[in-house]
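Here is how the chains run, residue by residue.
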Amino acid sequence: MALDIQQIRSQFPILQRQVNGQALVYLDNGATSQKPQMVLDVIDHYYKNYNANVHRGIHTLSQEATDKMEEARVKIQNFIHAKHVHEVIFTRGTTEGINLLATVLSSVIKANDEIVITEIEHHSNIVPWQMLCERTGATLKFIPLTADGILDLTQLDTIITKNTKLVCVNQVSNALGVVNPIEKIIEKAHQEGAWVLVDAAQSVPHTPVDVQALDCDFLVFSGHKMYGPTGIGIFYGKEAILNQLPPFHGGGEMIKEVTMEKSTYACLPFKFEAGTPDVAGIIGLGAAVDFINAIGIQAIHDHEDQLVKYCMEQLSQLDGIKIYAKDAPHAGAISFNLLFDGVHSSDVGMILDKKGIAVRTGHHCAQPIMHHFNIPGTVRASFAVYNTKEEIDVLINGLKTAIRMLG
Ligand SMILES: *Cc1c(COP(=O)(O)O)cnc(C)c1O
């Protein structure tokens, strides 16, 4: 059944606006998605009607705020199919979730241990592991890319070994939009007794994600890329592992008892949630999950899949365009370049902006991939449920102008 995209678009106030005198064509959803009215409304309603600190007060407002926050946690539990609600930890986003794990593993990872990442990670799934390896003396290894820009698993047996303690991989690449074969990587990691962290920042908005079916040990994502507010994200971890790990930040909310000499820590999830949380952001993220559920994540996936296929076809007909990892499965994004001497992706982005089209240009916080292709950056068109084929036609026309001007 086809979605009523015009009805969906009408829920996003920002999509009515013009940019440079043209209707906005927002194709930068990989950087952040727009927010529907229902998300804006619940945040406004919280501040106007029951703003209070959570888990502390006996008074009515505090109890209402706590209830709404904990309802949101359950929504997210169901959304990612976590076994227990206390496996869902609130963070500021994907970056903080990865840093949470890298920090609490400081006392767990030892000098002879190995951590495995891939050549197709976002900087936030590279730098914290480099920092952890510096702190502990552990070794960082990576799964390389093929010439086409897809993960090369042929050497997996020599990369993931008995020394591997943790493997970190994104499910969908933000830079190329490629869907990575994480099931195979998780299976191999578990054979060797290693834990697996999945960076789901670009998969959760576009495709059903089931942490129990994946059997990943940790999974992180950001609210703002899935129609929710900025500043809120999720760190999921298996209960048995989280119970073994030390806390992240110290402070209020995460303790059982504090004396001047020593403290004992609260149970999950609070052990990892020191300080006053982003209550409005959490409630807003809960509403974003409601928005997605009302449409259905599979229906969102199918609609975006049609957009990706249509955009691929149309791009392929233009002269002088290179699409990266063209033959790999994609979700939500396509990365490409105009192959003219001296033309930078930002030149293309500027011409498109004049026509009201928002795309991302540059290295997309994934410089190792750019080094791999020996390019400074790409143009990335990334999609959400409210995008249409007509918008892709506007993009293609804009690219024809860019080709005429730059070619
Ligand atoms: C956006 C993104 C991140 C970082 O997310 P933040 O919201 O900036 O913390 C990490 N990994 C991937 C794959 C991303 O797309």
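Before reading further, recall that the structure is shown in the block above.
Nothing here was measured: the structure is a model prediction, and the numbers come from that model. (Residues numbered from 1 in each chain as written. Predicted model: local features only at pLDDT ≥ 70, side-chain atom pairs only at ≥ 80, totals over all residues. Heavy atoms only, no water.)

Structural notes on the packing of aromatic side chains
In total, this model carries 10 aromatic pairs according to the counting rule given. Seen in terms of ring centroids, tyrosine 46 and tyrosine 50 are 5.2 Å apart; in terms of plane orientation they differ by 75 degrees. Their pairing is edge-to-face. Stacked on the ring of tyrosine 310, the Lys or Arg lysine 389 has its end atom at 5.1 Å from the ring centre. (Phe/Tyr/Trp six-rings, centres within 6.5 Å; stacked < 30°, edge-to-face > 60°. Lys NZ or Arg CZ within 6 Å of the ring centre and 35° of its normal.)

Description of the nonpolar core
Leu176, Leu219, Phe221, Tyr227 and Ile369 are the most contacted members of the largest nonpolar core, which has 78 residues in total. The leading source of residues in this core is helix α10 (residues 279–295), at 11 residues. Here this core spans two domains, since at least three of its residues come from each of domain 1 (5–31 + 296–406) and domain 2 (40–294). Every residue in contact with leucine 219, bar those within four places of it in the chain, is listed here: Leu197, Val198, Ala200, Val209, Val211, Leu214, Ile234, Phe235 and Tyr236. (Core = buried A, V, L, I, M, F, W, Y, C linked by side-chain atoms within 4.5 Å. Buried < 20%, exposed > 50% of the residue type's maximum accessible area, 1.4 Å probe, protein only. Helix = DSSP H or I, 4+ residues; strand = E, 2+ residues; numbered from the N terminus. Domains from an automatic or database assignment. Contact = heavy atoms within 4.5 Å.)

Quick notes on helix α7 (residues 182–191)
If you check which residues of α7 are buried, you get Ile182, Ile185, Ile186, Lys188 and Ala189. Along the long axis of α7, the arc covered by the buried residues comes to 165 degrees, so they all point the same way. Those residues of α7 that are exposed and angled more than 90 degrees off the buried face are Lys184 and Glu187. Tucked into the core, α7 has its buried residues touching β6 (139–143), α6 (156–159), β7 (164–170), β8 (195–199) and α8 (211–214). (Arc of directions from axis to C-beta.)

Concerning helix α3 (residues 60–80)
For α3, with 21 residues, the first-to-last C-alpha span of 31 Å sits near the 30 Å given by 1.5 Å per residue. Buried residues of α3: Ser62, Ala65, Thr66, Met69, Ala72, Arg73, Ile76, Gln77, Phe79 and Ile80, and no others. On an axial view of α3, the arc spanned by its buried residues comes to 170 degrees, and they lie on one face. On the buried face of α3, the contacting elements are α2 (37–49), β4 (88–91), α8, β9 (218–222), β10 (233–237) and α10. (Expected span 1.5 Å × (residues − 1).)

Some points on the site of the ligand
Around the ligand sit Thr94, Thr95, His122, Ser124, Asn174, Asp199, Ala201, Gln202, Ser222, His224 and Lys225, and that is every residue in its neighbourhood. Aspartate 199 is positioned with one of its side-chain polar atoms (N or O) 2.6 Å from a nitrogen atom of the ligand. Lysine 225 places a polar side-chain atom, nitrogen or oxygen, 2.8 Å from an oxygen atom of the ligand. For the shell around the ligand, the class distribution of residues is 1 nonpolar, 8 polar and 2 charged. (Near = heavy atom within 4 Å. Polar contact = N/O pair within 3.5 Å; in protein donor to acceptor, adjacent residues only side chain to side chain. Nonpolar A, V, L, I, M, F, W, Y, C, P; charged D, E, K, R; others polar.)

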